[in-house]
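Chain by chain, the residues run as shown.
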Amino acid sequence: MTTMAQQQRVPLIAGNWKMNQNHQEAVVLVQKLSWVLQDKKHDYERVEVTVVPPFTDLRSVQTIVDGDRMRITYGAQDVSVHDAGAYTGEISASMLAKLGCSYVVVGHSERREYHGEDDALVAAKALKAIDAGMTPIVCVGEGLDIRNEGTHVAHCTQQVEGSLAGLSPDQVAEAVIAYEPVWAIGTGEVATPEDAQEVCEAIRAQVAKTWSSQAAERVRILYGGSVKAANAAAIMAQPDVDGALVGGASLQAEEFAAICRFYDLPDLSGVA
Ligand SMILES: O=C[C@H](O)COP(=O)(O)O
């Protein structure tokens, strides 16, 4: 049964392209995605669709989205904690806001692992995104060692505490949290719908405890890790899962559009 709180949280399907697609390929992919969704008469009020391309694609994506008046939104994969200055290679929040970005992914496990980002830095980035008028998608998740130890729930709730530190209850309510078990990213290993629900429910409870019950009711929590059309319906059926952060499958327009329309897909979770 769907609760009132769930009804108020519009599901979000976000496609993280990671380091794929040049700016020309980006235009083709966004156009194709828009056509497929238009063909299916997709209702963007029912499920929000966003794409998260590399920085170099953003201007082209902005131009096609604005020019064709698409309802697809877009965001960036990272943001600097600095406003401006001698920070070679970094991109500021104001630059992203100027490009019309709605979202900024912060603390993705690939940034935590390859760039040594910790919770404090992730929280600072989330605040920069908010200050510039964008919504952070704050990623948390455990590695296989922690999962095997059985401490994954505590690990993820602690990461939420640290990675949203300094945000007000209202800011947390408007933010997006993505639970991505690292062992399920790009591996084809997908967490079961119950695994996803266990951690997403615990994250929501932690938000209620640390910020407010209202923030917990409103914050959207996504699951990420090998989401495909074949498993999207079962994952999205979980009461505390409000969407998906999709990597590989977001590079194929038809597959990604099918995930965006998860409510049309059969729930195959009980099929061996
Ligand atoms: O940001 C997306 C996640 O890392 C999931 O990637 P994946 O769907 O390729 O496993």
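Residues numbered from 1 in each chain as written. Predicted model: local features only at pLDDT ≥ 70, side-chain atom pairs only at ≥ 80, totals over all residues. Heavy atoms only, no water.

### Concerning the packing of helix 8 (residues 152-163) against helix 10 (residues 193-210)
In step 1: Running from N to C, helix 8 and helix 10 point in directions that differ by 40 degrees, and their axes come no closer than 9 Å. Judged by the inter-axis angle, helix 8 sits oblique to helix 10. The hand of the helix 8/helix 10 crossing is right-handed. Residues H152, V153, C156, T157, V160 and E161 of helix 8 lie in contact with helix 10, whose contacting residues are E198, V199, A202, I203, Q206, V207 and T210.
In step 2: Residue classes in the contact of helix 8 with helix 10 are distributed as 7 nonpolar, 4 polar and 2 charged. (Axes fitted to C-alpha atoms, helices over the stretch in contact; angles between N-to-C directions. Helix = DSSP H or I, 4+ residues; strand = E, 2+ residues; numbered from the N terminus. Parallel < 35°, antiparallel > 145°, perpendicular 65-115°, else oblique. Left-handed = near helix turned anticlockwise from the far one by under 90°. Contact = heavy atoms within 4.5 Å. Nonpolar A, V, L, I, M, F, W, Y, C, P; charged D, E, K, R; others polar.)

### So, the UniProt feature "binding site: substrate" (unreviewed entry) in the protein
In step 1: Per the UniProt entry, the sites bearing "binding site: substrate" (unreviewed entry) are N16, W17, K18, G186, S226, G247 and G248 in this numbering. In sequence the annotated residues extend across 233 residues, while in space they remain close, none of their C-alpha pairs exceeding 13.7 Å.
In step 2: With respect to the element layout, N16 can be found in strand 1 (residues 12-16).
In step 3: Residues contacting N16, with those up to four places away along its chain left out, are V52, Q77, H108, L245, V246, G247 and S250.
In step 4: Here the side chain of N16 touches K18 through a polar contact of 3.0 Å, landing on its backbone nitrogen. (UniProt positions renumbered as here; feature names shortened; annotations may be inferred. Polar contact = N/O pair within 3.5 Å; in protein donor to acceptor, adjacent residues only side chain to side chain.)

### Quick look at the nonpolar core
In step 1: I13, L33, V207 and Y223 are the most contacted members of the largest nonpolar core, which totals 70 residues.
In step 2: Excluding anything up to four places from it in sequence, V207 contacts V160, V172, I177, S212, A215, A216 and V219.
In step 3: Judged by nonpolar contacts, the second largest core, of 11 residues, contains L12, C139, V176 and A178. (Core = buried A, V, L, I, M, F, W, Y, C linked by side-chain atoms within 4.5 Å. Buried < 20%, exposed > 50% of the residue type's maximum accessible area, 1.4 Å probe, protein only.)

### Some words on the pairing of strand 2 (residues 48-52)
In step 1: By the criterion of burial, strand 2 is predominantly enclosed, with 5 of the 5 residues buried.
In step 2: Of the two faces of strand 2, both are covered, the one formed by E48, T50 and V52 as well as the one formed by V49 and V51.
In step 3: With 5 bridges connecting them, strand 1 and strand 2 associate as parallel partners. Of the residues in strand 2, the one forming a bridge with L12 is E48.
In step 4: The pairing of strand 2 with strand 3 (residues 73-76) spans 2 bridges and is parallel. Counted as the bridge partner of V51 is Y74 from strand 3.
In step 5: Since strand 2 and strand 3 lie parallel, the crossover through helix 3 (residues 58-67) that links them has a hand, and here it is right-handed. (Pairing = 2+ DSSP bridges. Right-handed = clockwise from strand over helix to strand, strands pointing away.)

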